Amino acid sequence: MLTRCKQLARATDSQASNVIEANVMRVAGLVIKSRFPKESAQLLQKSRHFFQQQEGGAPLHAEQVLKQGWIVSLPRLRDMLTEQLRRA
């Protein structure tokens with residue numbers, strides 16, 4: 001999922017392919033906002049776009065994404081994605 005977030009943060013033509021990606025992208029965009037504002041904006045916009053296309057679909061709160069097990073922790077997501085984006 002980290003690799004996918006990195007790809008979506010940097011690519012202009014890719015979109016979230018499912019609800020899990022869209023929710024993780026939104027949370028990832030929030031946690032990297034201060035360090036990577038451009039990539040954060042990309043992730044947030046793509047997540048928003050995905051949910052706008054889904055009838056009745058709405059993003060989950062970060063704590064719900066954690067409870068679903070889609071991410072382990074917010075600090076870990078931030079640190080690991082930050083490292084991946086720095087390497088790229």
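Not measured: the values here are computed from a predicted model. (Residues numbered from 1 in each chain as written. Predicted model: local features only at pLDDT ≥ 70, side-chain atom pairs only at ≥ 80, totals over all residues. Heavy atoms only, no water.)

Asks: Mind showing me how you'd approach the nonpolar core here?
Replies: Formed by 21 residues in total, the largest nonpolar core has its most connected members in I32, L43, L77 and L81. The set of elements that each furnish at least two residues to this core consists of helix 1 (2–10), helix 2 (19–31), helix 3 (37–53) and helix 5 (74–87). Per-element tally for this core: the top contributor is helix 2, with six residues. For L77, the residues in contact, after removing those within four places along its chain, are L2, V27, A28, V31 and I71. (Core = buried A, V, L, I, M, F, W, Y, C linked by side-chain atoms within 4.5 Å. Buried < 20%, exposed > 50% of the residue type's maximum accessible area, 1.4 Å probe, protein only. Helix = DSSP H or I, 4+ residues; strand = E, 2+ residues; numbered from the N terminus. Contact = heavy atoms within 4.5 Å.)

Asks: Got a minute to help me understand helix 2 in this structure?
Replies: Each turn of an α-helix holds 3.6 residues, which means side chains three or four residues apart point in the same direction. Over its 13 residues, helix 2 extends 19 Å from the first C-alpha to the last, a length consistent with the 18 Å expected when each residue adds 1.5 Å. In terms of residue burial, helix 2 counts as a mostly covered element, since 10 of its 13 residues are buried. When we look at burial in helix 2, the residues that qualify are E21, A22, N23, V24, M25, R26, V27, A28, G29 and V31. In this fold, the buried residues of helix 2 make contact with helix 1, helix 3, helix 4 (62–68) and helix 5. Looking at where helix 2 begins, the residue whose side-chain oxygen comes 3.0 Å from the main-chain nitrogen of I20 is N18. (Expected span 1.5 Å × (residues − 1). Polar contact = N/O pair within 3.5 Å; in protein donor to acceptor, adjacent residues only side chain to side chain.)

Asks: What am I meant to see in the environment of R10 here?
Replies: The topology assignment puts R10 in helix 1. On the accessibility criterion, R10 (37% relative accessible area) is partly exposed. Residues R10 and L85 lie 75 residues apart in sequence; the distance between their C-alpha atoms is 8.8 Å. Here R10 is in contact with F36, E39, L85 and A88, once residues within four sequence places are set aside.

Asks: Explain the packing of helix 1 against helix 2 here, please?
Replies: For any two helices packed against each other, one specifies the inter-axial angle together with the distance between the axes. It is at 10 Å that the axes of helix 1 and helix 2 come closest, and there the two elements cross at 70°. With respect to each other, helix 1 and helix 2 are oriented roughly perpendicular. Where helix 1 abuts helix 2, its residues R4, C5 and L8 lie against E21, V24, M25 and A28. (Axes fitted to C-alpha atoms, helices over the stretch in contact; angles between N-to-C directions. Parallel < 35°, antiparallel > 145°, perpendicular 65-115°, else oblique.)

Asks: So what exactly am I meant to see when it comes to the packing of aromatic side chains here?
Replies: Aromatic ring pairs: the centre-centre distance and the angle between the two ring planes describe each pair. Taken as a whole and judged by the stated rule, the model has one aromatic pair. Judged by centre distance (5.3 Å) and plane angle (90°), the ring pair of F50 and F51 falls under edge-to-face. Comparing F50 with F51, the two get one shared label, buried. (Phe/Tyr/Trp six-rings, centres within 6.5 Å; stacked < 30°, edge-to-face > 60°.)

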